[in-house]
Amino acid sequence: MARVVRFHRHGGPEVLRIDEVQVAPPGRGEVRIRVKALGLNRAEALLRAGNYIETATLPSGLGLEAAGLVEAIGDDVSGFALGDAVSIVPPISMVRWPAYGELVTYPAELVVKIPPGLGFEEAAATWMQYLTAYGALVDVARLGRGEFVVITAASSSVGLAAIQIANRIGAVPIAVTRTSAKSPALREAGAAHVIASADEDLQIRLEQIAGPNGVRVVLDAVGGPAFVPLTSAMAPGGILIEYGGLSPEPTPFPLASVLSKTLTLRGYLVHEIVRDPARLAAAKTFILDGLAAGALKPVIARTFRFDEIVEAHRFLESSAQFGKIVVTV
């Protein structure tokens, strides 16, 4: 038996329960892991609330990231040994492969050995944020040295990962946050420029920073009315990659800017990278090399205990976090 987090009805953090369940041995091509730490993501709060792109079958587990020790290995699995320290690449389905538990089983292709010098907490805070940012900026947008890139929701784990990746490849990250309260921390995290959208005119500030050529790449997690100033400040042929939808307000279609500048507005999910073995292999190499070089370093906002999963989800839905929330098991 092992303890796992599940919800038996949709709702707020209070619906999360810790249940005792029987964990089956790993099947062919699978690895079972004794979990030491979990990384929390907004997608998990959306699944719990019934607002995610995936539909839960109740009672449902949840979770996309974990790190721990290999406890059992199924048939036809090579490259792992009992006791290896590993972390998890986010699966396509967290309903099928939930991470919130003392024992979890995953396909071997989603299991990665933790590089030397990285602890369980940092390892559990790695793959969702860096895969998301890498896939958008490097794989899709082909962001290059010297280019400006706008990163909204910049204090989120993906936002901070995007800042680090932009710096890694020599681009110029422009962090957009709601108020100036997090501006000093964002500059310390590597943002070349910080814009507080509630205090400054977003379009004017972007035009001042990027100049007449505009910004070619925008990584946005918010949507909403900001689409208008963002696209107005973009360069001809630019690309806006949308991976979230945090704004509760409608998102207007900026027809004039899209037509006059031949812009690309593109939805993006990290699943694009995870389901493509070649793209995933390239992403793993980039991220592991960046971790080894110290250029990529997960920022942990706060750590909770497994028994505090409800409190951890409440904090996840607050605006206080700066980086990743981790739960130790």
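Right, let's walk through the structure included here.

1. Description of the pairing of strand 15 (residues 300–305)
Here strand 15 runs beside strand 16 (residues 324–328); their pairing, made up of five bridges, is parallel. When the bridges of strand 16 are listed, F304 appears paired with V327. Following the backbone out of strand 15, through helix 11 (residues 309–316) and into the adjacent parallel strand 16, one traces a crossover that is right-handed.

2. With respect to the packing of aromatic side chains
Summed over all chains, the structure comprises three aromatic pairs. Centre to centre, the rings of Y134 and F286 are 5.1 Å apart; their planes meet at 45 degrees, and the pair counts as tilted. Residue Y134 is found in helix 3 (residues 127–140), and its partner F286 is found in helix 10 (residues 277–293); the two are separated by 152 residues along the sequence. For the pair Y134 and F286, one class covers both residues: buried. Here F304 and F315 contribute two aromatic rings whose centre-to-centre distance is 6.0 Å and whose plane-to-plane angle is 50 degrees, an arrangement assigned as tilted. Here the residue F304 occupies a position in strand 15, and F315 occupies one in helix 11, the gap between them amounting to 11 residues. On the basis of relative accessible area, F315 is assigned to the buried category, the value being 15%. The cationic tip of R96 hangs over the ring face of W97; the distance from NZ or CZ to the ring centre is 3.7 Å. Between R302 and the ring centre of F315, over which it is positioned, the NZ or CZ distance is 5.3 Å.

Rules and cut-offs
- Residues numbered from 1 in each chain as written.
- Predicted model: local features only at pLDDT ≥ 70, side-chain atom pairs only at ≥ 80, totals over all residues.
- Heavy atoms only, no water.
- Pairing = 2+ DSSP bridges.
- Helix = DSSP H or I, 4+ residues; strand = E, 2+ residues; numbered from the N terminus.
- Right-handed = clockwise from strand over helix to strand, strands pointing away.
- Phe/Tyr/Trp six-rings, centres within 6.5 Å; stacked < 30°, edge-to-face > 60°.
- Buried < 20%, exposed > 50% of the residue type's maximum accessible area, 1.4 Å probe, protein only.
- Lys NZ or Arg CZ within 6 Å of the ring centre and 35° of its normal.

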